[in-house]
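Topology and contacts: notes
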Amino acid sequence: MISLVLAACGGGEESSGDNGGDGQTYNWKFVTEEVEGQVQYEYAQEFAKRMNEKSDGAVNIDVYEFGGLGSETNQVEQLQSGTVEMAVMSPGFTGNMVKEGQIFALQFLFPESVEKTQNILNDSEALNTDLRELYEEHSISPLSFWSEGAMQWTASKEISEPADFENFKMRTQTSPLILKSYEAYGADPTPMSWSELYTALDRGTVEGQENPIFFIGDASFNEVQDYMTMSNHNNYVAMTTVNTDWYAGLDEEMKTMVDETVTEMQDWVFEEQKKQNEEYLETIKNDTENPTEIVELSDEQREAFKEKAEPVRDFYRSEVSTVDGKVLDKLIEEINAAE
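A brief look at the structure comes next.

Calculation notes
Every chain's residues receive numbers from 1 upward, in the order its sequence appears when written. In keeping with the model being predicted, local features are shown solely for residues with a pLDDT of at least 70 and side-chain atom pairs are shown and tallied solely at 80 or more, while totals for entire chains, interfaces and linings include all residues. Where side-chain values are given, they derive from all heavy atoms of the structure, hydrogens and water being excluded. Note on aromatic pairs: the rings of Phe, Tyr and Trp (six-membered ring only in Trp) are paired at centre separations within 6.5 Å, and the planes decide the class, stacked below 30 degrees, edge-to-face beyond 60, tilted for the rest. In DSSP terms, a helix is any run of H or I states spanning at least four residues, a strand is any run of E spanning at least two, and both are numbered starting from the N terminus. Buried, partly exposed and exposed residues are distinguished by accessible area as a fraction of the type maximum, computed with a 1.4 Å probe on protein chains only: under 20%, between the cut-offs, and over 50%, respectively. In the sections that follow, a salt bridge refers to a side-chain nitrogen of Lys or Arg positioned within 4 Å of a carboxyl oxygen of Asp or Glu. At least two bridges found by DSSP between two strands are what make those strands a pair.

1. A word on the packing of aromatic side chains
Considering all chains together, one arrives at 20 aromatic pairs under this definition. On the numbers, 4.5 Å between centres and 20 degrees between planes, the contact of tyrosine 43 with tryptophan 146 is stacked. Note that tyrosine 43 is positioned in helix α2 (residues 39-54) and tryptophan 146 in strand β4 (residues 140-155), a separation of 103 residues in sequence. This pair shows no difference in class: tyrosine 43 is buried, exactly as tryptophan 146 is. Pairing tryptophan 153 with phenylalanine 305 gives two aromatic rings, centres 4.9 Å apart and planes at 55 degrees, and the pair type is tilted.

Printed below as a string of structure tokens:
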């Protein structure tokens, strides 16, 4: 408990005095929503390694996998309080706190290409300035946004048109807009932590879920799902976040080191997610013990889903946004300019 209080008050530095003084050492906590081997955890480990090397061993970052410090909701609270300094966070788990963060739940908003989407995430003023400011009102500073890959649907039956979702029990994150997105298809969305999901799919408590391919494969969801629809309906966007006050309290040299590492990691994580998603797609395709039928959507089939999804943007503007949809409208302009 004493160490937690010290971390909350002092940013986790071991020695006293100004940040960056001679002999100063830094001990930070970096929490993720995934487990060892998955993209978020590997990202945090690589980030920790680079910071340790750049600082000649002065910065030591302990990386925690999902569950190491509690649930996704616990992790958000720990970052806000300063109990942890850094976190990889999914906007879907902060949607009730920062309403604008639900923007990533809007399906068929970003380009189908993950590379094009990542470029938009890197450069977007709507996200990196406007949305960041809204998070900072809650003591969370997103330093970057990045894709873990295109989202696909897995299901107990074939999903190839919106009608297939009628009364379908779809697991979602807690974001109200994600729920609304699936209600637009006629589904019955059910919020649930991923730690409960495998058992729920196995028992039929829920019938389907969405995730990037690497996550589907690593979590073995294909063992308890018969179909995977290559929908590319969205990207799983993660944020590299820090406690706002802690970050503001870093000296300029250390802050610059953090910022530079965040920028470097954008290319690294793009290649990491690409590798993992490609490898797990082959694993799923070649799993003869648990065969999964891969459903490829035609352009016409994708368009049918998109037509159902687009009106949810108006719901976002009128019922979710606290700034009259200004972040979304600017982001759409940026997306159109990039294509």
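2. Observations concerning the pattern of salt bridges
Under the counting rule described, the total for this entry stands at 10 salt bridges. With a closest N to O distance of 3.2 Å, glutamate 264 and arginine 50 form a salt bridge. In this pair, glutamate 264 is assigned in helix α10 (residues 252-285) and arginine 50 in helix α2, connecting sequence segments 214 residues apart. The partly exposed category is assigned to glutamate 264, whose relative accessible area is 32%. Across the pair aspartate 329 and arginine 317 runs a salt bridge whose closest N-O atoms are separated by 2.9 Å. Of this pair, aspartate 329 sits in helix α13 (residues 326-338) while arginine 317 sits in helix α12 (residues 312-320); the two residues are 12 residues apart in sequence, bridging distant segments of the chain. Among the residues examined, aspartate 329 registers a relative accessible area of 30% and is labelled partly exposed.

3. Re the pairing of strand β7 (residues 208-212)
The side chains of a regular strand alternate, residue by residue, between the two faces of the sheet. Burial of β7 is extensive: five of the five residues sit out of reach of the surface. Burial along β7 is two-sided: the face carrying Gly208, Glu210 and Pro212 and the face carrying Gln209 and Asn211 are both buried. Across five bridges, β4 lies against β7 in antiparallel orientation. Paired with alanine 155 across the two strands is glycine 208, which belongs to β7.

4. Details of the environment of alanine 338
On the secondary structure map, alanine 338 appears in helix α13. Considered as a pair, alanine 338 and tyrosine 280 are 58 residues apart in the sequence and their alpha carbons are 29 Å apart.

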